[in-house]
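# Examination of the molecular architecture
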Amino acid sequence: MLTVYVDFKTPGAYLALAPTLELVDRLALKVTWKPFQTVERDVPQLGKQETVGESHRRVRAASQRALAVKYAAHQGIDLKFPDRSGSTDLALGVLAEIDGDSLAFIRAAFEAYWQAHADLDDPAIVQDLIKQSEAAHSGDLSNARATLEASQSNAEEIGIVGAPAYLIKEQIFVGREHLPWIEELAIKECQEV
């Protein structure tokens, strides 16, 4: 009924997890979790002679981070950005390969990235996340990147452009701010069934 696309390095996806799960639990929705690779940019350093455009990008990036920290505090999360945005590709590929419930893996991956600033592209760390979460995954990481690439292509073909993204009733919503509208659609769909 509801498909949710996430990238573990995206602060919006991390902050969307709790409200999304609350909605899923409250409405007893069936949810499918899928990976989506995003590009996260670090806050540019202040230049000696930056252009107006460079200044705008730096101030906007810093403002977006400050807002994410505020929203995290509202959820009781002490959000600390890593010094540099890391890659999460291997863990995202594993997410695409998990057979069955992947929520424990998702929680562990978000926690590892945002609290420990773990490299989710490191095979040893990803193996540990699989084991820790008891995910239904063989532990063979050799095809994970190819699986992610195929999953990414499929997501882009249907119109997914960022994470978190939600697909419900053939409608796509990007961002957790759309959860009230998603709830309305889910309630309407449940009433139609």
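Residues numbered from 1 in each chain as written. Predicted model: local features only at pLDDT ≥ 70, side-chain atom pairs only at ≥ 80, totals over all residues. Heavy atoms only, no water.

## Some details on the sheet that holds strand β3 (residues 165–168)
- Strand order across the open sheet formed by four strands is β2-β1-β3-β4, with mixed pairing between neighbours. At either end of the open sheet lies a strand with only one pairing partner, and these are β2 (31–35) and β4 (171–174). Mean inter-strand twist for the sheet, computed between neighbouring axes without regard to direction, equals 20°.
- Pairing of β3 with β4, which is carried by four bridges, proceeds in the antiparallel orientation. Residue tyrosine 166 lies in a different strand from β4, and its bridge partner there is phenylalanine 173. (Pairing = 2+ DSSP bridges. Helix = DSSP H or I, 4+ residues; strand = E, 2+ residues; numbered from the N terminus. Axes fitted to C-alpha atoms, helices over the stretch in contact; angles between N-to-C directions.)

## Examining the pattern of salt bridges
- Considering all chains together, one arrives at five salt bridges under this definition.
- For aspartate 7, the salt bridge goes to lysine 9, with nearest N and O atoms at 2.6 Å. With respect to class, aspartate 7 is no different from lysine 9; both count as buried.
- A salt bridge links aspartate 121 to arginine 145; the shortest N-O distance between them is 2.7 Å. With aspartate 121 in the loop between α4 (103–115) and α5 (123–133) and arginine 145 in helix α6 (residues 144–158), this pair connects stretches of sequence that are 24 residues apart.
- Classification of aspartate 121 as partly exposed rests on a relative accessible area of 21%.
- Of the residues examined, arginine 145 reaches a relative accessible area of 41% and is grouped as partly exposed.
- Within the structure, one salt-bridge network assembled from shared partners comprises Glu22, Arg26 and Glu183. (Salt bridge = Lys/Arg side-chain N within 4 Å of Asp/Glu carboxyl O. Buried < 20%, exposed > 50% of the residue type's maximum accessible area, 1.4 Å probe, protein only.)

## Thoughts on the nonpolar core
- In this structure, Phe8, Trp33, Phe105, Phe110 and Leu120 are the most contacted members of the largest nonpolar core, which totals 51 residues.
- Those residues in contact with leucine 120, other than ones at most four positions away along the chain, are Phe8, Ser87, Thr88, Asp89, Leu90, Ala91, Ala109, Ala112, Tyr113, Ile125, Val126 and Leu129.
- If you look at the next biggest cluster of nonpolar residues, it comprises five residues, including Tyr5, Phe36, Ala155 and Ile160. (Core = buried A, V, L, I, M, F, W, Y, C linked by side-chain atoms within 4.5 Å. Contact = heavy atoms within 4.5 Å.)

## Re unusual backbone geometry
- For the peptide bond that leads from alanine 163 to proline 164, omega is 5°, which places it in the cis range.
- Within the element layout of this structure, proline 164 appears in the loop between α6 and β3.
- A positive phi is found at alanine 28, a non-glycine position, where the angle reads about 55°.
- When you line up the elements, alanine 28 lands in the loop between α1 (11–27) and β2.
- Taking relative accessible area as the criterion, alanine 28 reaches 67% and is therefore assigned exposed.
- Although it is not a glycine, histidine 117 sits at a positive phi angle of roughly 55°.
- Topologically, histidine 117 is positioned in the loop between α4 and α5.

## Looking at the side chain of threonine 88
- With respect to the helices, strands and loops of the structure, threonine 88 is situated in the loop between α2 (52–74) and α3 (89–97).
- Since its relative accessible area comes to 0%, threonine 88 is described here as buried.
- For threonine 88, the side chain forms a polar contact with the side chain of lysine 9, separated by 3.5 Å. (Polar contact = N/O pair within 3.5 Å; in protein donor to acceptor, adjacent residues only side chain to side chain.)

## Quick notes on a nonpolar patch on the surface
- Together, Ile158, Val161, Ile172 and Val174 give the surface a local cluster of nonpolar side chains, amounting to about 320 Å² of exposed area.
- Mapped onto the fold, valine 174 is located in strand β4.
- Looking at valine 174, the relative accessible area reads 33%, which means it is partly exposed. (Patch = residues over 30% accessible without salt bridge, like charges linked within 9 Å, V, L, I, M, F, W, Y side chains within 5 Å. Areas by Shrake-Rupley, 256 points an atom, 1.4 Å probe, with all protein chains shown as cover.)

It is worth stressing that arrangement in space is one thing and function is another; only the former is reported here.
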